[in-house]
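This is what each chain is made of:
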Amino acid sequence: MTTNNTASSAQSSNKAQKSKVSGVILIDKPKGMTSQQVVSKVKYLLKSPVHDSKKAGHTGTLDPMATGLLPVCLGEATKFSHYQLDADKSYQAVIKLGVQTDTGDAEGQTIAEKDIPEISAVDLAQVTAQFSGDIKQIPPMYSALKKEGKKLYEYARAGIEIEREARPISIKQLVLEQGEAKDELLLTVTCSKGTYVRVLGEDIAQALGTLGHLTALRRTQVGHFDIEQAISLDELEEQTHEQRLAQLQSIDACISGLSSLVVTDEQCQRLLMGQRLNVKSQLDEALTAYLIKELGDNQDSDKETAQAERSCDIKLFNEEGDFLGLGELQLNGRLQPKKMIQR
């Protein structure tokens with residue numbers, strides 16, 4: 001009985017001594033792997049006898065056929081991954097014209113073929129204009145969206161077609177160019193969350209009077225992250241564990257566009273306990289201007305009262321410059337902890 005307790009105590013001690021791996025690593029995803037397989041590989045490469053890398057996730061799925069930028073969040077950074085899930089993304093793709101597949105990409109089965117008309121620069125310009133800005137898109141059957149608790153691709157694999165409503169998306173930038181072959185178009189796009197580039201390729205081909213599917217897809221940007229910052233899994237595997245850890249960006253790397261506030265050690269302790277603070281005296285001119293901009297500058301007294309009760313997210317740091325988490329700050333100086341990190 002004593003031996004078992006001692007062994008259990010030793011195991012607990014070893015677990016307690018492990019350092020949690022926290023931060024964001026940018027991976028250049030290879031073709032043929034799922035996004036979750038990439039996450040699992042990263043977790044494996046960053047673990048060690050003294051490092052715990054069990055908690056991890058990505059910031060937006062790439063299909064197995066796709067390559068490119070996949071931000072992977074580990075440890076405490078997973079609390080802030082939604083900032084990149086919601087961010088605009090940029091892609092480069094190749095559309096093969098004349099052939100439609102059931103999945104919208106080269107991994108699917110051919111279901112229809114159609115002649116390819118002569119396509120001029122004017123045609124490409126017109127279609128580019130047609131698909132730029134705020135548009136609506138019908139999600140594909142081969143997607144992870146759910147209907148009555150079941151993923152659409154599960155219905156698709158069973159040969160069942162489910163009616164889907166068109167959803168609003170935004171195409172921020174779109175460039176279409178003729179490829180080297182007559183049956184290829186090169187697509188470069190920056191788009192909002194929820195955009196399916198496979199569907200965009202199909203719709204563009206249809207607008208040009210033919211059919212189409214993607215034969216290549218590469219993500220080059222996610223929010224403020226760029227593919228130039230990414231490392232391949234092969235390169236990561238070749239490095240020492242210390243070099244791999246050096247690839248990690250900060251815990252708050254996913255967060256952009258938020259103002260910040262420095263709090264005292266005493267305030268930090270209270271925030272970590274979930275307590276609300278009044279930091280009115282710490283709101284300088286720049287921070288006050290930021291709050292007014294985010295919350296809206298209303299002159300009406302009733303609206304001013306409502307404005308004072310609204311809050312916006314703000315990054316919190318201690319006096320040593322360490323990131324503490326996110327708080328919700330009001331114009332009246334009331335600060336509520338929102339997502340605090342545990343070190």
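Structure's up top.
Worth saying up front: this structure is predicted, and the values here are computed from it rather than measured.

Cut-offs applied
Residues numbered from 1 in each chain as written. Predicted model: local features only at pLDDT ≥ 70, side-chain atom pairs only at ≥ 80, totals over all residues. Heavy atoms only, no water. Core = buried A, V, L, I, M, F, W, Y, C linked by side-chain atoms within 4.5 Å. Buried < 20%, exposed > 50% of the residue type's maximum accessible area, 1.4 Å probe, protein only. Helix = DSSP H or I, 4+ residues; strand = E, 2+ residues; numbered from the N terminus. Contact = heavy atoms within 4.5 Å. Arc of directions from axis to C-beta. Salt bridge = Lys/Arg side-chain N within 4 Å of Asp/Glu carboxyl O. Pairing = 2+ DSSP bridges. Axes fitted to C-alpha atoms, helices over the stretch in contact; angles between N-to-C directions.

Colleague: Honestly, the nonpolar core in this entry has me stumped. Any pointers?
Modeller: Note on soluble globular proteins: their nonpolar side chains tend to be buried together. Counting 27 residues, the largest nonpolar core has Ile171, Leu187, Val189, Val197, Leu200, Ile204 and Leu217 as its most contacted members. For this core, the secondary-structure elements that each account for two or more residues are strand E6 (89–97), helix H4 (121–130), strand E12 (167–178), strand E13 (184–191), helix H6 (197–207) and strand E14 (212–222). With residues near it in sequence (within four places) discarded, leucine 187 still touches Tyr91, Gln92, Ala93, Ile95, Leu174, Val175, Leu176, Val197, Leu200 and Ile204.

Colleague: I tried to follow the side chain of asparagine 318 on my own but got confused; where do I start?
Modeller: Mapping asparagine 318 onto the fold places it in the loop between strand E19 (311–317) and strand E20 (323–330). Not counting chain neighbours up to four residues away, the residues in contact with asparagine 318 comprise Val262, Val263 and Leu324.

Colleague: Looking at this model, I keep getting lost on H4. Mind explaining?
Modeller: Every α-helical turn comprises 3.6 residues, leaving residues that sit three or four positions apart pointing alike. For H4, the full list of buried residues reads Leu124, Val127 and Thr128. Buried residues of H4 fall within an arc of 105° about the axis and therefore sit on the same side. What points out from H4, more than 90 degrees from its buried face, is the exposed set Val122, Gln126 and Ala129. Buried positions along H4 lie against E12, E13 and H6.

Colleague: Mind showing me how you'd approach the pattern of salt bridges here?
Modeller: For side chains of opposite charge, pairing can occur when their charged atoms come near one another. Summed over all chains, the structure comprises twelve salt bridges. Linking arginine 218 and aspartate 28 is a salt bridge whose minimum nitrogen-to-oxygen distance equals 2.7 Å. Of this pair, arginine 218 sits in strand E14 while aspartate 28 sits in strand E2 (residues 23–29), placing them 190 residues apart in sequence. Here the residues in one salt-bridge network are Lys20, Glu76 and Lys79, joined through shared partners.

Colleague: Can you help me understand the sheet that holds E20 in this one?
Modeller: The strands making up a sheet are joined through hydrogen bonds of the backbone, oriented either antiparallel or parallel. Taken in spatial order, the five strands line up as E17-E19-E20-E21-E18 in an open sheet, and their pairing is mixed. Strands at the two margins of the open sheet, each flanked by one partner only, are strand E17 (260–262) and strand E18 (277–278). Here E18 runs beside strand E21 (residues 334–340); their pairing, made up of two bridges, is antiparallel. Bridge assignment links asparagine 278 to a residue of E21, and that residue is arginine 334. The sheet contacts of helix H9 (residues 265–272) involve E18, E19, E20 and E21, and relative to E21 the element is tilted by about 65°. In this fold helix H10 (residues 285–295) packs onto E17, E19 and E20, with an angle of close to 145° to the strand it touches most, E19.

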